[in-house]
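What follows is the residue order along each chain.
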Amino acid sequence: STTNDVSNVLMVNPNVIDVNTVQEFIAKVKAAPGKYNYASTGNGTGTHLAFAEFVFKAKLDMVHVPYKGGPEAIQGVLAGDVCCIFNQVQTALPQFRAGKVRLLGVTTKKRVPAIPDVPTIDEAGVPGFESYTWFGIFAPKGLPLPIAQKMNAALKVALEDPETQKKMTDLGNTPRYETLDQFKATVKADRAKWAEVVKAVGATID
């Protein structure tokens, strides 16, 4: 089953691209094709695919700069080597609270309670855009169904605990429980979606 959804957020260095909204970001990038670079945590990673999909749907001309991981990518944004990145809300919050970056839009269909003033990218300028990471628990193939059902039921109890929910939402995450069948459908649907995104943007992996 899934345990929680993690929204990415468009994080920009205002010293590189001085904008306050998604629409301003799109306008400034379109005015200077090929000028702005965006970071990711590596070729083919979730941060890469999310930004590539955003670039594709907003019809932008930007250069992708893959880093070896999250800390390196964030440092690239802070240093001004790249203008921006899509990164998990929980990772972006410390830099945002320190006043080093601006957060323009979250990638989920709904706003994130930890940063309620930040709009979704869907409502802020790219209708229909949705991209997020989910975490889930898998078991070895062939696990007896009664055991899988028991584990799933225990997970449901844990995710419905108010204290657990608060800890997740404070970090910018959204608790989400799914039955075994619902989780199978989620995995199948996401495989199909991201296969189309990869095909459309021509993304590759390291």
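Quick caveat, the model's predicted, so the values are computed rather than measured.

Trainee: Explain the side chain of Thr108 here, please?
Mentor: Mapped onto the elements of the fold, Thr108 is located in the loop between β5 (102–106) and α5 (121–124). Only 3.3 Å separates the side chain of Thr108 from the side chain of Ser7, close enough to count as a polar contact. One polar contact links the side chain of Thr108 to the main-chain carbonyl oxygen of Lys110, over a distance of 2.8 Å. When residues no more than four places from it in sequence are discounted, the contact partners of Thr108 are Ser7, Thr120, Glu130, Ser131 and Tyr132.

Trainee: Sorry, what's going on with the pairing of strand β4 (residues 84–88) here?
Mentor: Looking down a regular strand, the side chains alternate between one sheet face and the other. Burial runs high along β4: five of the five residues are buried. Looking at chain direction, strand β2 (residues 37–40) and β4 are connected through two bridges and run parallel. In the sheet register, Tyr38 faces β4, and the bridge partner there is Cys84.

Trainee: Can you help me understand the pattern of salt bridges in this one?
Mentor: Once their charged atoms are close, side chains differing in charge can pair, the charge on each being opposite to the other. For the structure shown, the criterion picks out seven salt bridges. Among the salt bridges present, the one from Arg102 reaches Asp18, with a minimum N-O distance of 2.7 Å. Here the residue Arg102 occupies a position in strand β5, and Asp18 occupies one in the loop between β1 (2–12) and α1 (22–30), the gap between them amounting to 84 residues. A salt bridge links Asp170 to Lys166; the nearest nitrogen and oxygen atoms lie 2.7 Å apart. Pair noted here: Asp170 and Lys166 are both in helix α7 (residues 162–170), with a separation of four residues, about one helical turn.

Trainee: Explain helix α6 (residues 145–159) to me, please; I cannot follow it from the model alone.
Mentor: An α-helix turns once per 3.6 residues; consequently, residues spaced three or four apart project the same way. The end-to-end C-alpha distance of α6 is 21 Å, a good match for the 21 Å that 15 residues give at a rise of 1.5 Å each. Looking at α6, one finds that the buried residues are Ala148, Asn152, Leu155 and Leu159. Down the axis, α6 shows its buried residues gathered within 60° of arc, on one side only. Among the exposed residues of α6, those pointing more than 90 degrees away from its buried face are Pro146, Lys150 and Val157.

Trainee: Even after reading the chapter, I still don't get α1, so can you show me in this structure?
Mentor: Among all positions of α1, only Val22, Phe25, Ile26 and Val29 are buried. What you see down the axis of α1 is that its buried residues fit within an arc of 95°, all on one side.

Trainee: For this particular structure, what's the right way to read the packing of aromatic side chains?
Mentor: The geometry of an aromatic ring pair is captured by the separation of the ring centres together with the interplanar angle, meaning the angle of the planes. Evaluated as defined, the whole model comprises eight aromatic pairs. Between Tyr38 and Phe51 the ring centres are 4.2 Å apart and the planes differ by 10°, which places this aromatic pair in the stacked class. With Tyr38 in strand β2 and Phe51 in helix α2 (residues 46–58), this pair connects stretches of sequence that are 13 residues apart. Owing to a relative accessible area of 0%, Phe51 belongs among the buried residues under this scheme. On the basis of an interplanar angle of 55° and a centroid distance of 5.0 Å, the ring pair of Phe138 and Phe183 is categorised as tilted. In this pair, Phe138 sits in the loop between β6 (132–136) and α6 while Phe183 sits in helix α8 (residues 180–201), placing the two residues 45 residues apart along the sequence. Classification of Phe138 as exposed rests on a relative accessible area of 56%. The exposure class assigned to Phe183 is buried, which follows from its relative accessible area of 8%.

Trainee: Would you explain the state of the cysteines in this entry?
Mentor: Working definition: the covalent bond between the sulfur atoms of two cysteines is a disulfide. For the structure shown, the criterion picks out one disulfide. A sulfur-sulfur distance of 2.4 Å marks the disulfide that ties Cys83 to Cys84. With respect to class, Cys83 is no different from Cys84; both count as buried.

Trainee: Looking at this structure, I do not really get the nonpolar core. What am I missing?
Mentor: Across soluble globular proteins, nonpolar side chains show a tendency to be buried alongside one another. Counting 27 residues, the largest nonpolar core has Leu10, Phe25, Phe51, Phe54, Leu60, Met62 and Cys84 as the members making the most contacts within it. Of all the secondary-structure elements, those providing two or more residues to this core are β1, α1, α2, β4 and α5. When near neighbours in sequence (up to four residues on either side) are disregarded, Met62 contacts Phe25, Val29, Tyr36, Asn37, Tyr38, Phe51, Val55, Cys83 and Cys84. Ranked by size, the runner-up nonpolar core spans 18 residues in total, among them Leu93, Val101, Ile115 and Val118.

Trainee: Is there a simple way to think about a nonpolar patch on the surface in this case?
Mentor: A contiguous nonpolar surface patch, about 260 Å² in accessible area, is contributed by Ile137, Ile147 and Met151. Here Ile147 is to be found in helix α6. Take Ile147: its relative accessible area is 42%, and that puts it in the partly exposed class.

What counts, and at which threshold
- Residues numbered from 1 in each chain as written.
- Predicted model: local features only at pLDDT ≥ 70, side-chain atom pairs only at ≥ 80, totals over all residues.
- Heavy atoms only, no water.
- Helix = DSSP H or I, 4+ residues; strand = E, 2+ residues; numbered from the N terminus.
- Polar contact = N/O pair within 3.5 Å; in protein donor to acceptor, adjacent residues only side chain to side chain.
- Contact = heavy atoms within 4.5 Å.
- Buried < 20%, exposed > 50% of the residue type's maximum accessible area, 1.4 Å probe, protein only.
- Pairing = 2+ DSSP bridges.
- Salt bridge = Lys/Arg side-chain N within 4 Å of Asp/Glu carboxyl O.
- Expected span 1.5 Å × (residues − 1).
- Arc of directions from axis to C-beta.
- Phe/Tyr/Trp six-rings, centres within 6.5 Å; stacked < 30°, edge-to-face > 60°.
- Disulfide = S-S within 2.5 Å.
- Core = buried A, V, L, I, M, F, W, Y, C linked by side-chain atoms within 4.5 Å.
- Patch = residues over 30% accessible without salt bridge, like charges linked within 9 Å, V, L, I, M, F, W, Y side chains within 5 Å.
- Areas by Shrake-Rupley, 256 points an atom, 1.4 Å probe, with all protein chains shown as cover.

Remember, this is a structural readout, not a statement about activity or role.
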